[in-house]
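Examination of the molecular architecture
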Amino acid sequence: MNVQTEKLENHIARLTVEIETDQLDKAKKKAAKKIARQVNIPGFRKGKAPYRILANYIGEGAILEEAIEDLGNNIYSKALDESEILPYTSGELEDFKLDPQPTFIFTVPMQPTVEMNDYAAVRVDYEMPEVDDDDVKDALHRLQEEHALVEESASPAKMGDRITADIHGFYADTDDDDADAEDSDEAEEHDHDEDSDDPETHDHHDFSDAIIHGHDDEVYLDTEREPVPGFAENLVGATPDSDVEFTITYPDDEDKWGDHAGRDVRFVVEVKSVENVTLPELNDDFAARVTEEERDEDEDAPTLLELRVRLRENITKQVEDGYKSEYVESVMDELVQVATFAYPKAMIDNQVDSMIENMAQRFGFSVEDYLRLTQKTIEDLHEDPDYRESAENYIKRSLVMRGILEAENIEVSDEQIAAEIDTVLSQFGEQAEMYRSLFDTPEMRDNVTNNLLEQRIIDRIVAIGRGEEAPAPAAEASTDTGEGAPEFADDSADTEPDPETPESEVAETDES
């Protein structure tokens, strides 16, 4: 058997395999016997018709076709071994030629590869946000609101009250002045029509051009927490089931206010209810009350000072975790730019399929129902640039993580896996040992291993971006993700329009 390998575009290999004529002849005789047992030929019992009679009856081509199918699987497997090609998925028989030698031609999507290049030189500024006293003050205030005494009121709203309202905003400088005047007159007329129970009286506003949409929003009339300076003040005096209109000029700060900066925005606020809010006093009793459900029976209640310390620690961890996640995203973007990738089209198609399936599951639909709802076909979504771009982005980020794994020689020991399992089981308290058997399966240990590897890769990505010292990279910072590569759920991957797309089978090997 003679095997010639050719690398094509799109990370496809072509295997041209020449075999001996007698090998094909044996395969044809074997195929003939198989077919003879399945057809009725007059004058012969099943399976007893000679080759010549069978060929005349069903045609030589039918025998050849069966021989090629049976022989092809065996030839394909041996050709893969000889060529040392690692397939991403099963290949296809592209062609078969009889002359001058029996020749099989296969095309094989290859396993993806990534060259990390000068990845260790990637740098991204690391500026962890600081947690200050105002953050703790805001957290305490939210706890007060959660435990506040709230009473509905028919009186005009005052500072400190809470309203529930539908809020819409429009750029005032693009509105027609006459239309504004007309809307204002209608709003004024409506404000005095408080006895009307007709819901259609609320429909005189056209919100199609609104640049701010809010429905059933809860808004505290508090100058320190209002969505834009002046918002709370304009709602003082509002009554339930009334409309309030006012215009606010946003501060000229694009970093904070974006497109609204420096522009006049006309607000239409449909007030549904007004509530008086009485906040509990900040003292040790308050600290004990708000932590009651999370404390063990024998655990002492914290003082207000201890609650402040606890809140600062929690906020700090949340800020650090959030910033670390954003930082990993930023470094990954740079690593993707540095790396060189090669992967077959089939990999993109598989990832798009995963995205579609995941999106359908999120809405509780079957894929068929989801397609019917979106009025799309599978082919439409596979050709959608957003889907394909998101799929490629996910693939690249996943490959970068595997590249880091190989280049940095990241691994976890049995002791670390056991320690992680103990940590998880500790959450079950006295029942921990009862659940230990769940982690004795190879699948669960693989999950724990991959989670630990993923976390170490993420830690290493942070270290690379910050320029921190690391172990020397492997001699060859290029890796293919062949059989045996671990699977990771890359949380940093950008998979819009589906951000929760499950991981692709980037290490799948499916040999014929």
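Placed above this text is the structure.
These notes cover the structure that comes with them. (Residues numbered from 1 in each chain as written. Predicted model: local features only at pLDDT ≥ 70, side-chain atom pairs only at ≥ 80, totals over all residues. Heavy atoms only, no water.)

Description of the nonpolar core
Ranked by internal contacts, the top residues of the largest apolar core, which has 50 residues, are Leu 335, Phe 341, Val 400, Ile 404 and Ile 461. Mapped by element, the contributors of at least two residues to this core are α9 (304-338), α10 (345-362), α11 (367-374), α13 (385-407), α14 (414-425) and α16 (442-466). Per-element accounting of this core gives the leading share, nine residues, to α13. Look past the residues within four positions of Phe 341 in its chain and what remains in contact with it is Thr 113, Val 114, Val 336, Lys 396, Leu 399 and Val 400. Counting residues in each nonpolar core, the second largest holds 30 residues, with Val 17, Ile 19, Ile 41 and Ile 68 among its members. (Core = buried A, V, L, I, M, F, W, Y, C linked by side-chain atoms within 4.5 Å. Buried < 20%, exposed > 50% of the residue type's maximum accessible area, 1.4 Å probe, protein only. Helix = DSSP H or I, 4+ residues; strand = E, 2+ residues; numbered from the N terminus. Contact = heavy atoms within 4.5 Å.)

Concerning a positive patch on the surface
The grouping of Lys 26, Lys 29, Lys 33 and Arg 37 at the surface amounts to a positive patch. Residue classification places Lys 29 among the exposed residues on the basis of a relative accessible area of 56%. (Patch = residues over 30% accessible without salt bridge, like charges linked within 9 Å, V, L, I, M, F, W, Y side chains within 5 Å. Areas by Shrake-Rupley, 256 points an atom, 1.4 Å probe, with all protein chains shown as cover. Salt bridge = Lys/Arg side-chain N within 4 Å of Asp/Glu carboxyl O. Lys, Arg positive; Asp, Glu negative; His and termini not counted. Charge placed at Lys NZ, Arg CZ, Asp CG, Glu CD.)

Topic: the packing of aromatic side chains
Applying the stated criterion to the full structure yields twelve aromatic pairs. Geometrically, the ring pair formed by Phe 428 and Tyr 435 is stacked, given 4.4 Å between the ring centres and 25 degrees between the ring planes. Since its relative accessible area comes to 36%, Phe 428 is described here as partly exposed. The class for Tyr 435 is partly exposed, based on a relative accessible area of 28%. Among the aromatic side chains, those forming a connected cluster through ring pairs are Tyr 76, Phe 96, Phe 104 and Phe 106. The side chain of Arg 263 reaches across the aromatic face of Tyr 171, ending 3.7 Å from its centre. Above the face of the Tyr 126 ring, Arg 466 is positioned so that its terminal group lies 3.8 Å from the ring centre. (Phe/Tyr/Trp six-rings, centres within 6.5 Å; stacked < 30°, edge-to-face > 60°. Lys NZ or Arg CZ within 6 Å of the ring centre and 35° of its normal.)

So, to be careful, I would describe these as geometric facts and stop short of saying anything about function.
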